[in-house]
Amino acid sequence: MTIGLDGAPPTAPAATSIDVAAERARTLGASARHYFNAAGAGLMSDAVVARMIDHLRLEQRSGGYEAANAVVDEITGVYEAAAAVVGADADEIALFDSATSGLRGLFDALRLGEGDTVIAPRSSYVSQALRLLALQRHDGVNLVVVPNDASGAIDLDALERALATASGRVVVSSVHVPTSSGLVEPVAAIGRLARAHGALSVLDATQSIGQIDVDVRAIACDALVTTGRKFLRGPRGTGFAYLRRGALDGIGAWAPDVRGSVWTGPEEWTMDGGARQLETWESSVAARLGLGVALREAVDRGLAETEAHLVGLAARLRERLAGIAGVTIADPPASASGIVTFSVEGAVGREFSAGLRAARIDTIAIPASHAQWDLGERGLPSVVRVSPHVYNDDSDEAALIARVEELAAEARR
Ligand SMILES: Cc1ncc(COP(=O)(O)O)c(C=O)c1O
């Protein structure tokens, strides 16, 4: 038996309704490796992959446009499934090829300029942080990065002060779970504060959708972006955004395309009133069909059940890793998510992760350059990130812990 931090057996996660054996049986990659990189790209189920291959075969036989015509209803279902996952309506969903392109389309449409304000947390992801810094540098937008409180989450009092003194149009660009730790930001409180101050609330939920049950109405957000490939276990090159109905009224997409607009006369066009005004026309139909399968699987498995399972699993991993000499958990106190981060005395994150990979254990090292306002501020050059999913079983956990023990001991010699 493995001994926990204080010599007691590690806390067993509460029993959940997730059938790990069944998840493994329908996920080819789950038995090939000890895969702990769902926060990078979760393992797709066999059905997700099969749906994509089938469609590629159809494109091969009948041509891309003709194949797309044959699946119009199924693609409509992808919007409906994405809406079901976040508690929105289908016309409030736009499909993208990544979370970053969703955020980019949205911030382009907002046309922020001189004197407007964006308020952001320390947990901001590199692509959004750089975008906001570019808006500040090139367009005169005021950027306010809010400090954290002792829990490691955004300081809500400081956020309120920032909202109270902000000028121009105000956007709160928040993050649910960052790339660099297991932190869960208080998104409902952030949404409520933003709304109370008349600010637009935009949430980066890339690391949370699929692992944390999110309802966009309950958290009062005006827009949300996520990717398909992480905890949703969809294909690479997929993502979607929720845009509250009416959120862009009077503005509209900055770069309209044939997908969400109609060019009606030499200098006129009309625009889809819903989220699709942000979309561009071309896409991988096969990938979107695969995403649809992944979304339906996530709903069928149960979003709340998945959350309970992953949060419990990560809590146990955190506890067991913390008990290994030389390992320091890097997650702040407010880290009730399925992501675990740690550093190891005498080891470089990337090399440590490579040492795990050599034993068929997949984790990833997150460098400070992906999260300067978080890891950089905390003086951590990198952390090793472990992100399990419903296909991980006890043998995966045992392999991870044993190998971390070995590598941490080597690093201390
Ligand atoms: C918190 C967070 N936001 C945004 C992104 C970017 O997502 P994408 O690569 O789909 O653009 C990532 C990617 O890891 C992320 O962790």
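Residues numbered from 1 in each chain as written. Predicted model: local features only at pLDDT ≥ 70, side-chain atom pairs only at ≥ 80, totals over all residues. Heavy atoms only, no water.

K.L.:
Describe the packing of aromatic side chains, and please don't skip the residues or the numbers.
P.N.:
Summed over all chains, the structure comprises three aromatic pairs. On the numbers, 6.4 Å between centres and 55 degrees between planes, the contact of Tyr-35 with Tyr-391 is tilted. Taken together, the positions of Tyr-35 in strand β1 (residues 34-35) and Tyr-391 in the loop between β15 (382-386) and α15 (394-412) put the pair 356 residues apart, joining distant regions of the chain. Classification of Tyr-35 by relative accessible area gives buried; the value is 14%. With 6.0 Å between their ring centres and 85 degrees between their planes, Phe-342 and Phe-352 make a pair best called edge-to-face. Here Phe-342 is found in strand β12 (residues 340-344), whereas its partner Phe-352 is found in helix α13 (residues 349-357), with ten residues between them in sequence. Like Phe-342, the residue Phe-352 is buried in the burial classification. (Phe/Tyr/Trp six-rings, centres within 6.5 Å; stacked < 30°, edge-to-face > 60°. Helix = DSSP H or I, 4+ residues; strand = E, 2+ residues; numbered from the N terminus. Buried < 20%, exposed > 50% of the residue type's maximum accessible area, 1.4 Å probe, protein only.)

K.L.:
Which residues make up the pattern of salt bridges, and what values go with them?
P.N.:
Considering all chains together, one arrives at 25 salt bridges under this definition. For the salt bridge of Glu-23 with Arg-233, the shortest nitrogen-to-oxygen distance reads 3.4 Å. Placement of Glu-23 in helix α1 (residues 20-25) and of Arg-233 in the loop between β7 (223-227) and β8 (239-243) is noted, with a sequence separation of 210 residues between them. Given a relative accessible area of 3%, Arg-233 falls into the buried group. (Salt bridge = Lys/Arg side-chain N within 4 Å of Asp/Glu carboxyl O.)

K.L.:
Account for the nonpolar core, naming residues and giving values.
P.N.:
In this structure, Val-86, Ile-93, Ile-209, Leu-224, Phe-240, Tyr-242 and Leu-295 are the most contacted members of the largest nonpolar core, which totals 45 residues. Among the elements that take part in this core, helix α6 (residues 72-86) stands out by supplying eight residues, more than any other. Two domains each provide a minimum of three residues to this core, namely domain 1 (20-44 + 302-412) and domain 2 (49-300). Setting aside residues no more than four positions away along its own chain, Tyr-242 makes contact with Val-86, Ala-88, Glu-92, Ile-93, Val-216, Arg-217, Cys-221, Asp-222, Ala-223 and Leu-224. Formed by 29 residues, the second largest nonpolar core is a distinct cluster that contains Ala-109, Leu-112, Ala-129 and Ala-223. (Core = buried A, V, L, I, M, F, W, Y, C linked by side-chain atoms within 4.5 Å. Domains from an automatic or database assignment. Contact = heavy atoms within 4.5 Å.)

K.L.:
So, the domain arrangement of the protein: which residues are in play, and what are the values?
P.N.:
Under the domain assignment used here, the protein contains domain 1 (20-44 + 302-412) and domain 2 (49-300). Once you take the C-alpha centre of each, domain 1 and domain 2 turn out to be 26 Å apart. Taken together, the contacts link 42 residues of domain 1 with 40 residues of domain 2. Taking both sides of the interface into account, the surface hidden between domain 1 and domain 2 amounts to around 3,100 Å²; carbon and sulfur atoms contribute 56%. The interface formed by domain 1 and domain 2 holds three salt bridges in total. Note that Glu-297 and Arg-26 form a salt bridge whose closest N and O atoms lie 3.8 Å from each other. In this structure, the connection of domain 1 to domain 2 is made through 23 residue pairs in polar contact (both at pLDDT 80 or more). With five residues, helix α12 (residues 303-322) is the single largest residue contributor to the side of domain 1 that touches domain 2. (Buried area = accessible area lost by both parts, 1.4 Å probe. Polar contact = N/O pair within 3.5 Å; in protein donor to acceptor, adjacent residues only side chain to side chain.)

K.L.:
Pulling in residues and values, what's your account of the site of the ligand?
P.N.:
Around the ligand, a shell composed of Ser-98, Ala-99, Thr-100, Tyr-125, Val-177, Thr-179, Asp-204, Thr-206, Gln-207, Thr-227, Arg-229 and Lys-230 is seen. One nitrogen or oxygen atom from the side chain of Thr-179 is found 3.1 Å from an oxygen atom belonging to the ligand. Separating a nitrogen atom of the ligand from a side-chain N or O atom of Asp-204 is a distance of 2.5 Å. Protein chains shield 92% of the accessible area of the ligand, which is 390 Å² for the free molecule. (Near = heavy atom within 4 Å. Areas by Shrake-Rupley, 256 points an atom, 1.4 Å probe, with all protein chains shown as cover.)

K.L.:
Can you explain a nonpolar patch on the surface? Please cite residues and give values.
P.N.:
A surface patch of nonpolar side chains, amounting to about 360 Å² of accessible area, comprises Tyr-65, Val-258 and Trp-281. Mapping Tyr-65 onto the fold places it in helix α5 (residues 64-70). (Patch = residues over 30% accessible without salt bridge, like charges linked within 9 Å, V, L, I, M, F, W, Y side chains within 5 Å.)

K.L.:
Would you mind going over the side chain of Thr-27 in detail, with residue names and values included?
P.N.:
One can find Thr-27 in the loop between α1 and α2 (28-32). Given the relative accessible area of 1%, Thr-27 is considered buried. Those residues within four positions of Thr-27 in sequence are excluded, and the remaining contacts are Leu-43, Met-44, Ser-45, Asp-46, Arg-233 and Tyr-391.

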